[in-house]
Amino acid sequence: MKKLIFPAVLMLMLGSVGILVAGSTITIKGSDTLVRLGQRWAEEYMKRNEDAVIQVSGGGSGTGIAALLNGATDICEASRDMKEKEYKKAEQLGIKPYRVSVALDGIAVFLNEKNPINEFSFAQLKGMYTGAITNWKEVGGNDARIILYGRENNSGTYAFFKKKVLNKEDYSDYTQTLPGTAAVVNAVSKDVNGIGYGGIAWAKGVKYAAVRKLDNDPAIKPSPETVSNGSYPISRDLYWFFNGEPTGRLKKLVNWALSKEGQKIAEDIDYVPLPEERAKAQMLK
Amino acid sequence: MQDMEKFQLKPKSRFREYLGEKIIMVSAFTALIGVLLIFVFIFKEAVPIFTDPEIQEEASLDKMVFKQQYYEGRDPKFSWQPNSEVPKYSLFPLFIGTIKAAMVAMLFAVPLGIGAAIYSSEFASRRVREIIKPVIELLAAIPSVVLGFFALIILATFLQNVLGLTFRLNTLNAGIALGLAAIPIIFTVAEDAMTSVPQSLREASTALGANAWQVSFMTVFPAALPGISAGVVLGFGRAVGETMIVLMASGNAAIISTSIFDSGRTFSATIAAELGEVVFGSAHYSVLFFLGTLLFVFTFAINLGGDMVLVRLKQKLQGKT
């Protein structure tokens, strides 16, 4: 009997702690691109506000949005806007999505360091990724097959690149999809004829291509500055979604994340902060 | 000991035995019920493909199996592009990818696994055998994600440099890593089958003048064939169902190509990669569960088929001896 008492007491204790905490916990769930920032903000916020408890988890933008719709999370992190289907579903479920941009993100085009090419136009990128251009020769490089690397089709980055650069056309069937930006970077770093794309915070061991939107535009390299001032053409907002306009502790948290202090933390861990006016304009009164 | 005897004499113990037996019985049936329930629930999620007209418009059985003309003025084709403006759900490219990877794995693993089994059971000295056997079986203990990582980082570069391949990540690369996962299964089952061939058979063959080589290949190998084929079938099942290795090492491009130097996308990798963020209840969601059902039925049929072959071979062999 004695052996049973200890686990039973332990369970009871854990259970009651769970109940106590659950009342004041803020849950954040969603995009894997944003999860690192969410965790950092949570840590810093909890240091400053002792009564706040924040749980952050990833799983992807779609997972986070699904959780928001099911009422399973207070805040959903997403690297894309909600799809029309998801807005419809929210309406059916009586959820009123409220969107706040919390940081910016640039999608870099990666090349192997030995590749002689340094810049692309949108038209060239589109041609390559839709399979119309298959040889590096056609964009001014060596006579070799272009090996396309990309993200899995569940990724927000995949969807964003497709919408922004491919004009919603399909990726070439020959695009090799890899789980995670780190895998794409690794593949390109080992493949002289490879090309890939992904968040700029992740790239190590490959070079970034400069990108121009139109053929006459200057080609811009991705960097925190060029993303922040909007001159780098493949950049996007990273969002927090709430159910209805946030009030109380959620409002306090989002206003802090948008404050100078919150945005500075984002910058410190290689995210691109919002321009100050934009951050201010979104703060809740 | 005395305590035990007292214990057993109590009338209460009958009830305990009864209870114990029932508990064991429940655990035996749990697996059975589990398999059944898993199948039912997976299939349930796939059912809208056959019943829901809204989903059928995107992904009917017809659209998954046959060539489709997706855009006016372009040739009909097989294509897997579920997140497109015009979603495309052809299963054919995925089927080719799956079979291609499993075939390469088998071509690599079957000779190695069976060869190692013959050597270990028939030729190796006891000491060598005691090293070989646990080491090969240790291969089974390597997590598949580690094998996948090895293939992604090291094996792919090696193969590309040696063979001068265009695509660094390809079916050959994934197939070899899959083979590494299948070898211990084939080896273990085949080796057990061969060592359990009665010693009398070996002695009789030797008495008739056969040398060690002839004993192994003419007597032991045929006698152990049912067990060996069971190992091969189980290995094939593993190669078809394995997920992490192909997800990391095959490149995952859903193309129609029979070349093993091209990339390939398998059923299992597709489910693993896409289910995480699919919109709940959408056509894509149902199609992924349908893929799961197919995979389930496929591996089930392989195992069942293997089992039937096994039984028949056994009968045949028993009739002979």
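A quick note: this is a predicted structure, and the numbers were derived from the prediction, not measured.

So, how was this worked out
- Every residue gets a number counted from 1 within its own chain, in the order that chain's sequence is written.
- Labels follow written order: the first chain is A, the first ligand is 1, and so on.
- Owing to the predicted nature of the model, reporting of local features is limited to residues with pLDDT of at least 70; listing and counting of side-chain atom pairs is limited to 80 or more, with chain, interface and lining totals taken over all residues.
- The convention used is that axes are lines fitted to C-alpha atoms, helices contributing only their stretch in contact, and that angles between N-to-C directions extend from 0 to 180 degrees.
- Numbering goes from the N terminus for both helices and strands, where a helix is a DSSP run of H or I of at least four residues and a strand is a run of E of at least two.
- Each angle gets one of four labels, with under 35 degrees taken as roughly parallel, over 145 as roughly antiparallel, 65 to 115 as roughly perpendicular, and the rest as oblique.
- Each crossing gets its hand from how the near helix is turned against the far one by less than a right angle, where anticlockwise is left-handed and clockwise is right-handed.
- Note that contacts rest on C-beta atoms placed from the backbone: two residues are in contact if these are within 7 Å.
- Think of it as three bins: nonpolar holds Ala, Val, Leu, Ile, Met, Phe, Trp, Tyr, Cys and Pro, charged holds Asp, Glu, Lys and Arg, and polar takes everything else, Gly as well.
- Residue ranges for the domains originate in an automatic or database domain assignment.
- At least two bridges found by DSSP between two strands are what make those strands a pair.
- Think of it like this: strands point away, you trace from the first strand over the helix to the second, and a clockwise trace means the crossover is right-handed.

## Digging into the packing of helix H10 (residues 199-207) of chain B against helix H11 (residues 212-241) of chain B
Residues and elements named next belong to chain B.
(1) Moving on: Put simply, H10 and H11 touch, their axes get as near as 10 Å, and they point 150 degrees apart. By the angle between their directions, the pair H10 and H11 is classed as roughly antiparallel. Seen from above, H10 lies across H11 with right-handed handedness. Residues Leu201, Arg202, Ser205 and Thr206 of H10 form the contact with H11, whose participating residues are Val215, Thr219, Val220 and Ala223.
(2) Moving on: Class assignment for the residues of the contact of H10 with H11 results in four nonpolar, three polar and one charged.

## A look at the domain arrangement of chain A
Residues and elements named next belong to chain A.
(1) Moving on: Domains assigned within chain A are domain 1 (2-104 + 237-282) and domain 2 (106-228).
(2) Moving on: The straight-line distance from the C-alpha centre of domain 1 to that of domain 2 is 31 Å.
(3) Moving on: Contacts between the two partners involve 14 residues from domain 1 and, on the opposite side, 11 residues from domain 2.
(4) Moving on: Considering only residue class, the side of domain 1 that touches domain 2 consists of six nonpolar, six polar and two charged.

## Observations regarding the pairing of strand E1 (residues 25-30) of chain A
All names here are of chain A.
(1) Moving on: Direction of pairing for E1 relative to strand E2 (residues 53-57): parallel, over a ladder of five bridges. Bridge pairing links Ile26 to Ile54 in E2.
(2) Moving on: For the crossover that starts at E1, traverses helix H2 (residues 35-48) and ends in the parallel E2, the hand is right-handed.
(3) Moving on: Two elements, E1 and strand E3 (residues 75-78), share three bridges in a ladder whose sense is parallel. Looking at E3, one finds that Gly30 is bridged to Glu77.

## So, the domain arrangement of chain B
Residue and element names in this part refer to chain B.
(1) Moving on: Under the domain assignment used here, chain B contains domain 1 (2-46) and domain 2 (89-320).
(2) Moving on: The C-alpha centroid of domain 2 is placed 34 Å from the C-alpha centroid of domain 1.
(3) Moving on: Each partner contributes residues to the interface: domain 1 has five residues there, and domain 2 has six residues.

## Considerations on the interface of chain A and chain B
(1) Moving on: At the interface, 25 residues of chain A touch 26 residues of chain B.
(2) Moving on: Broken down by secondary-structure element, the contributors of at least two residues to the side of chain A that touches chain B are helix H3 (61-69), helix H4 (84-93), strand E7 (176-178) and helix H7 (181-190) of chain A.
(3) Moving on: For the side of chain A that touches chain B, the leading source of residues is H3(A), giving four residues.
(4) Moving on: Across the side of chain A that touches chain B, the residue classes break down as six nonpolar, 10 polar and nine charged.

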